[in-house]
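Structural characterization, general
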Amino acid sequence: MDTTTNVRHPAARRRIPPFAYGILVIAVFAGVVGIGMASGTFQTSGRTTAGGERVAPQGDSVAEIKGWMAVGDVAAAWSVPVPDILAAFDLPADTPPATALKDLESDLFSVTALRDWLAVRGTGAP
Amino acid sequence: MTRQPIVIIDGPASRPPGKAAIRRPRRGIAALRGVQGFRRAVQVTVALYIAWVVVDRAVVAAAGAMGASPESICPFGGIETIVTFLTAGVFVPHVHSSNLVLAVAVLALAFLARGAFCGWICPLGFLQDLAAGLSAFVQRNIPAAFRGMRALRRWAAPLAVLDRPLRYLKYAVLAWAIWGAAVFGVMVFRDVDPWIALLDIGRESIGFGVVVLALTLVGALFVDRPWCRYACPLGAANGLVARFSPVRLERSAAACVDCNLCTRSCPMGLAVATATAITSADCIGCLECVEACPRDGALELRIGLPFGNRA
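What counts, and at which threshold
Residues numbered from 1 in each chain as written. Chains lettered and ligands numbered in written order. Predicted model: local features only at pLDDT ≥ 70, side-chain atom pairs only at ≥ 80, totals over all residues. Heavy atoms only, no water. Pairing = 2+ DSSP bridges. Helix = DSSP H or I, 4+ residues; strand = E, 2+ residues; numbered from the N terminus. Contact = heavy atoms within 4.5 Å. Axes fitted to C-alpha atoms, helices over the stretch in contact; angles between N-to-C directions. Phe/Tyr/Trp six-rings, centres within 6.5 Å; stacked < 30°, edge-to-face > 60°. Buried < 20%, exposed > 50% of the residue type's maximum accessible area, 1.4 Å probe, protein only. Polar contact = N/O pair within 3.5 Å; in protein donor to acceptor, adjacent residues only side chain to side chain. Patch = residues over 30% accessible without salt bridge, like charges linked within 9 Å, V, L, I, M, F, W, Y side chains within 5 Å. Areas by Shrake-Rupley, 256 points an atom, 1.4 Å probe, with all protein chains shown as cover. Salt bridge = Lys/Arg side-chain N within 4 Å of Asp/Glu carboxyl O. Nonpolar A, V, L, I, M, F, W, Y, C, P; charged D, E, K, R; others polar.

Now for the sheet that holds strand E3 (residues 277-278) of chain B. In space, the four strands of this open sheet follow the order E2(A)-E4(B)-E2(B)-E3(B), with antiparallel pairing throughout. Only two strands of the sheet have a single partner each, and these edge strands are strand E2 (14-16) of chain A together with E3 of chain B. Pairing of strand E2 (residues 247-251) of chain B with strand E4 (residues 299-303) of chain B involves five bridges; the strand directions are antiparallel. When the bridges of E4(B) are listed, Arg251(B) appears paired with Leu299(B). Helix H1 (residues 18-38) of chain A contacts E2 of chain A together with E2 and E4 of chain B of the sheet and is inclined by roughly 70° relative to E2(A).

Next comes the structure, spelled out in structure tokens:
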């Protein structure tokens, strides 16, 4: 008989009752999520603040651009004419400014592409 | 002085056989009286919560108001965005801080309780369990279905050699999803993700994710938890962390009666009956094997040092 696999440290012998395991599962998962909620980290939407106020783009960083934002709001925050954005990504010129960015996504346009474009434009690069 | 470990020899001499300890496994509804009832209750509760979020979102969106995105409760989003978050401090589109918190919760659970998220909480895993339960119910009550499934199993038996290599596919999916998000700044896995398809089922047009979801559920009629076994990147991340877990199932060869019920009951197809310790990254901690075991003490959850007593 191979006894090498049966050499155990005393701590390795501690049994966990199945129900205690289930309680551990719930406690760990709910505990981490609960800590996230209590600390205000658990944000399920970028559209509103923890106080429930609507988030608007400020033009400080391209990282704040989200898919739910309207192309017009982004254009205003970054002081870029809406037609320039539409033309840069071959989007229809008659696109309403209130259209959400995510509704414009295609092979040619994405939120990430817009972020990159605005970042390059902000540095003055051609 | 070095402390010597205690040597315990698992053999017939160390534990006398006790026939009274062998009990008949509970089946059907009776099985829900044990820890499986507890697990199913947790799964149903989580699934109902997810259903509520999806319906609530659909109602809120229909009313033109703003609400939480169903995708914000997907733990894998937090893992996909990990590179962009650590390097640039930003989330890829469709990811919120809640995704990151959930990812931490899942990985903490993986360390402390192995794959318990998959076995106890994940609604996609629960849906696959339901499909497998439906398949078993139909086979029990319709003889033709039973015979058909038996014939199908015989016909597909040679394909069993593919099981092991295909299990590595989920690690490739995990690498692709994280790499894609880091390089392209978008969730490349999102379009094929059945979980996202499920969360967005009330508002998205039918995409490839819905097709993957349908294939997963149809596949679960024939193979237990096919998505978890072969393709789930969250399960892959779970498994990688679980390798460091101090918790594992251990099988006592002395108490085992070699009935093979544990292996037959394992939804992940693990060979529990021939292992000494179940340290597989694929173990989802469902405890189906423990529940099926007819011999008290033959199969138990134990806590010890990580990497110890591997089988």
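Quick look at the packing of aromatic side chains now. Residues and elements named next belong to chain B. Under the definition given, this model contains 13 aromatic pairs over all chains. Between Trp-176 and Phe-189, the aromatic rings sit 6.2 Å apart at their centres with planes inclined by 90°, giving edge-to-face as the arrangement. With a gap of 13 residues between them, Trp-176 in helix H9 (residues 169-184) and Phe-189 in the loop between H9 and helix H10 (194-199) connect regions that are remote in the sequence. Assessed through its relative accessible area of 36%, Trp-176 is described here as partly exposed.

What follows covers the side chain of Lys170(B). Residues and elements named next belong to chain B. Secondary-structure assignment places Lys-170 in helix H9. Of note is the side chain of Lys-170, whose polar atom sits 2.7 Å from the backbone oxygen of Arg-229. Looking at Lys-170, its side chain comes within polar contact range of the side chain of Asp-282, at 2.9 Å. Not counting residues up to four positions away in its chain, the partners in contact with Lys-170 are Cys-228, Arg-229, Tyr-230, Ala-231, Cys-232, Pro-233, Ala-236 and Asp-282.

All names here are of chain B. Taken together, the side chains of Leu-152, Trp-155, Leu-159, Val-161, Leu-162, Leu-166, Leu-169, Val-218, Phe-222 and Val-223 make up a nonpolar region of the molecular surface, amounting to roughly 940 Å² of accessible area. Position of Phe-222 relative to the elements: it lies in the loop between helix H11 (208-219) and helix H12 (226-230). Using a relative accessible area of 43% as the deciding quantity, one classes Phe-222 as partly exposed.

The next subject is the pattern of salt bridges. If charged atoms from side chains of opposite charge come close, those side chains can pair. Scanning the model with the defined rule gives 14 salt bridges over all chains in all. The closest approach of N and O atoms between Arg15(A) and Glu300(B), which form a salt bridge, is 2.8 Å. Residue Arg15(A) is found in strand E2, and its partner Glu300(B) is found in strand E4; the two belong to separate chains. Looking at Arg15(A), the relative accessible area reads 43%, which means it is partly exposed. Each of Arg15(A), Arg248(B), Glu250(B), Glu300(B) and Arg302(B) takes part in salt bridges that share partners, so that together they form one network.

With that settled, consider the packing of helix H6 (residues 123-141) of chain B against helix H7 (residues 143-156) of chain B. All names here are of chain B. Running from N to C, H6 and H7 point in directions that differ by 115°, and their axes come no closer than 5 Å. Where H6 abuts H7, its residues Ser-135, Val-138, Gln-139 and Asn-141 lie against Pro-143, Ala-145, Phe-146, Met-149 and Arg-153. Grouping the amino acids of the contact of H6 with H7 by side-chain chemistry returns five nonpolar, three polar and one charged.

All names here are of chain B. Among the secondary structure elements, Val-173 is positioned in helix H9. Along the sequence, Val-173 and Phe-189 sit 16 residues apart, while their C-alpha atoms lie 8.1 Å from each other. When neighbours within four sequence positions are excluded, Val-173 is seen to be in contact with Phe-189, Ala-231 and Pro-233.

So yeah, pure geometry; function would need other evidence.
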